[in-house]
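Overview (structure and organization)
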Amino acid sequence: MATQCAAEADGLSGPSSTQADLMPGDGLTDPQFRSDFPRSAAPAWFAWKDRLADGGFRFNIDYLFLGQNSSSNLGVGEAGSGIARVYGSWQATESGSLTFKVEHRHAYGTVAPQFLGLDGGAVSISGTAFNDNGLLLTNLFWTQRDPEGLWSLQVGQIDVTDFLDVYGLVSPYSAFQNLAFNTNPTINAPNPGLGIAGGVKLGSNFYAVASVADANADPSSPDFDVFSHGNLFKSLEVGYTSGPDRIYFDNVHLTLWHADAADDGSRAEDYGAAVSAAWFVDNAWMPFLRAGWSKGTAALYDRSVSAGIGYFSRNTDLAGIGLNWAEARGIAGRQFTAEAFYRFSVSPGLQITPSIQFIENPLLNPGQSSIAIMGLRARVVF
């Protein structure tokens, strides 16, 4: 069964995008949820949302929490963070829609999970997206689609990680938490900001996606400075899929990217390439193999190779395990990362995900051979 999110996808709506987050669970399997909470607790609210959706306006309010505990002999040893989000889309015309997302990211304590690995001496983003960045405008863009589904275009406040080098397990909100298994950690992807992106079908099985975005973007203070400073992030992806409705689940692609140097000297020119292969076997198993290389001036890793597998069960539970090998520029040695998680989908609006990460040879902590990070993530959708 192909996903609705993939069916609506046009090369620009990956598993961490607003379109995917508007779907219950993953839309991947025949769901048999354990409960209907929180819909059962507020039926009038959800009935009102359903009426709006029938008229073309869909939105969610959700809250995500991540707590982590580290065995490192450096740093604070624990971290917690929450993300409150309001997001949705308005189908304004038959082929045009407006997408929005506003979120508030906040930490509980001195260190957010995104930086717990670094705080403990590992070159590792252990809690992708769970930081303390405050109020952010991450999406406000117009999408125009070809009526025949041949192409689509996004213009406005975009997040390139919604579509850049993605695969079915890329979302830090519903799958892996470590950046090693999210958007490729060798890519110096910019923060959400002003940009333009387009996707086009190249026959029945091939596609291309390209973007140009503000390399200096700050979603906490969105502006149009990109037109004056001209510091841009550019990407081009060419891929193969079994069909347009399975673009993020049966997918092999090559991604090329380039980021201009910052005028103020805070960032040098950066560029690189990434490859990814993932295939949804029997609509249940998703093995993947991903690799990347970059010039390495600003990306987390200089070289990275990741492999693993995800398993989607009938009620949209998801289990995943991944292994990563990486090198960081200017730091001797290689670091190995493993992550395993199990996402319990209690209902379409409630997910709980325990996880464990194991980092061998933490590059910034030579006094410790390995670090373990235990995590617990929860998401509730209203």
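Now for a look at the structure at hand. Bear in mind that the values here come from a model prediction, so they are computed numbers and not experimental data. Just so you know, the residues in each chain are numbered from 1, in the order the chain's sequence is written. Reporting of local features is limited, given that this is a predicted model, to residues whose pLDDT is at least 70; pairs of side-chain atoms are given and counted only at 80 or more, and all residues count toward the totals for whole chains, interfaces and linings. As a rule here, side-chain values come from all non-hydrogen atoms in the structure, and water together with hydrogens is ignored.

Here a helix means four or more residues in a row that DSSP labels H or I, a strand means two or more in a row labelled E, and each is numbered from the N terminus. For the protein chain, the helix and strand inventory stands at five helices and 16 strands. Radius of gyration here uses only the C-alpha atoms, and the compact-globule reference equals 2.2 Å multiplied by the residue count raised to the power 0.38. On C-alpha atoms alone, the protein chain measures out to a radius of gyration of 20 Å, which is about the 21 Å that the 2.2 N^0.38 rule sets for 382 residues. Principal-axis analysis of the C-alpha atoms gives the protein chain an extent of 60 × 50 × 40 Å. Burial classification: accessible surface area is computed with a 1.4 Å probe over protein chains only, and a residue below 20% of its type maximum counts as buried, one above 50% as exposed, and the rest as partly exposed. Looking at the 382 residues of the protein chain, the share that counts as buried comes to 55%.

Paired rings are identified among Phe, Tyr and Trp, the last through its six-membered ring, by centres lying within 6.5 Å, and are further divided according to the angle between planes into stacked (under 30 degrees), edge-to-face (over 60) and tilted (the rest). In total, this model carries 18 aromatic pairs according to the counting rule given. Ring centres of Phe57 and Phe100 lie 6.1 Å apart, and the angle between their planes is 15°; on these two criteria the pair is classed as stacked. On the criterion of sequence distance, the pair formed by Phe57 in strand E1 (residues 57-70) and Phe100 in strand E3 (residues 96-107) is long-range, its members being 43 residues apart. In this structure Phe57 comes out as partly exposed when scored by relative accessible area, which is 29%. Between Phe280 and Phe312, the aromatic rings sit 5.3 Å apart at their centres with planes inclined by 75°, giving edge-to-face as the arrangement. In this pair, Phe280 is assigned in the loop between strand E10 (270-279) and strand E11 (285-294) and Phe312 in strand E12 (residues 303-312), connecting sequence segments 32 residues apart. Assigned by exposure class, Phe280 and Phe312 land together as buried. Among the aromatic side chains, those forming a connected cluster through ring pairs are Trp45, Trp48, Phe57, Phe59 and Phe100. For a lysine, the NZ atom is tested; for an arginine, the CZ atom; a charge sits over a ring if that atom is within 6 Å of the ring centre and within 35 degrees of the ring normal. If you follow Lys49 out to its NZ or CZ, it ends over the ring of Phe59, 5.3 Å from the centre. Here the guanidinium or amino end of Arg85 rests over the ring plane of Tyr173, the centre of that ring lying 4.4 Å away.

A separate point is empty space enclosed by the protein. Here a cavity denotes a set of grid points, spaced 1 Å apart and computed over the protein atoms alone, in which a 1.4 Å probe fits but from which it cannot get out, and a pocket denotes an open set meeting protein on both sides within 12 Å along at least five of seven lines; residues with an atom within 4 Å of a point are reported as lining. Grid points are joined across faces, edges and corners, and a volume is the space filled by probe spheres set on the points. Tallied over the entire structure, the rule returns five cavities of 30 Å³ or more. Reported here for the second largest cavity is a volume of approximately 90 Å³. Around the second largest cavity, the lining is made up of 15 residues, and of these Leu12, Ser13, Ser17, Phe141 and Gln154 lie nearest the centre. If you list the elements that add at least two residues to the lining of the second largest cavity, you get helix H2 (18-21), strand E4 (134-145) and strand E5 (151-158). A per-element tally of the lining of the second largest cavity places E4 first, with four residues. Residues are grouped as follows: Ala, Val, Leu, Ile, Met, Phe, Trp, Tyr, Cys and Pro are nonpolar; Asp, Glu, Lys and Arg are charged; every other residue, Gly included, is polar. Here the lining of the second largest cavity is composed, by residue class, of four nonpolar, eight polar and three charged.

So, on to the layout of surface pockets. Space inside the largest pocket adds up to approximately 990 Å³. Along its surface, the largest pocket is lined by 39 residues, and Gln114, Thr161, Ala189, Pro190 and Asn191 are the ones closest to its centre. Listing elements by their share of the lining of the largest pocket, those giving two or more residues are E3 and E4. Broken down by element, the lining of the largest pocket gets its largest block of residues, three residues, from E3. Its residues placed into classes, the lining of the largest pocket shows 19 nonpolar, 13 polar and seven charged.

The next thing to look at is the environment of Ala298. Residue placement: Ala298 occurs in the loop between E11 and E12. For Ala298 and Tyr271, which are 27 residues apart along the polypeptide, the C-alpha to C-alpha distance reads 9.6 Å.

Let's shift gears to the side chain of Thr255. If you trace the backbone, Thr255 turns up in strand E9 (residues 250-259). A polar contact of 3.1 Å, which involves the side chain of Thr255, links it to the side chain of Glu237. Apart from residues no more than four positions distant in its own chain, Thr255 is found in contact with Leu164, Asp165, Leu236, Glu237, Gly272, Ala273 and Ala274. The term polar contact refers here to a pair of N or O atoms within 3.5 Å; inside protein, the definition further demands a hydrogen-donor-capable atom paired with an acceptor-capable atom, and it admits residues adjacent in sequence only when both atoms are side-chain atoms. Residues count as neighbours in contact if any of their non-hydrogen atoms are within 4.5 Å of one another.

So, on to the nonpolar core. If you look at the biggest cluster of nonpolar residues, it comprises 34 residues, and the most contacted ones within it are Phe163, Tyr167, Leu169 and Phe233. Throughout this description, the term nonpolar core refers to a set of buried Ala, Val, Leu, Ile, Met, Phe, Trp, Tyr and Cys residues connected via side-chain atoms within 4.5 Å. Residues Val111, Leu116, Ile359 and Ile371 belong to the second largest nonpolar core, which totals seven residues.

The amide bond that connects Phe37 to the next residue, Pro38, takes the cis arrangement and shows omega of 5°. One can find Pro38 in the loop between H2 and helix H3 (43-54). If you check the backbone angles, Asp165 has positive phi at about 50° while not being a glycine. For Asp165, the position within the fold is in the loop between E5 and strand E6 (193-202).

Time to look at the side chain of Gln357. Considering the arrangement of structural elements, one finds Gln357 in strand E15 (residues 350-360). Assessed through its relative accessible area of 1%, Gln357 is described here as buried. Among the polar contacts listed, one links the side chain of Gln357 to the backbone oxygen of Ser126, at a separation of 2.9 Å.

Attention now goes to the environment of Ser13. Examined against the element boundaries, Ser13 turns out to sit in the loop between helix H1 (4-8) and H2. Residues Ser13 and Asn365 lie 352 residues apart in sequence; the distance between their C-alpha atoms is 38 Å.

Here we come to the pattern of salt bridges. Criterion for a salt bridge: a side-chain nitrogen of Lys or Arg within 4 Å of a carboxyl oxygen of Asp or Glu. All chains considered together, the criterion is met by twelve salt bridges. With its nearest N and O atoms 3.1 Å apart, the salt bridge here joins Asp50 to Arg39. Of this pair, Asp50 sits in helix H3 while Arg39 is found in the loop between H2 and H3, placing the two residues eleven residues apart along the sequence. What makes Arg39 partly exposed here is its relative accessible area of 31%. Two residues, Asp62 and Arg379, come together in a salt bridge whose shortest N-O distance is 3.1 Å. Residue Asp62 is found in strand E1, and its partner Arg379 is found in strand E16 (residues 370-381); the two are separated by 317 residues along the sequence.

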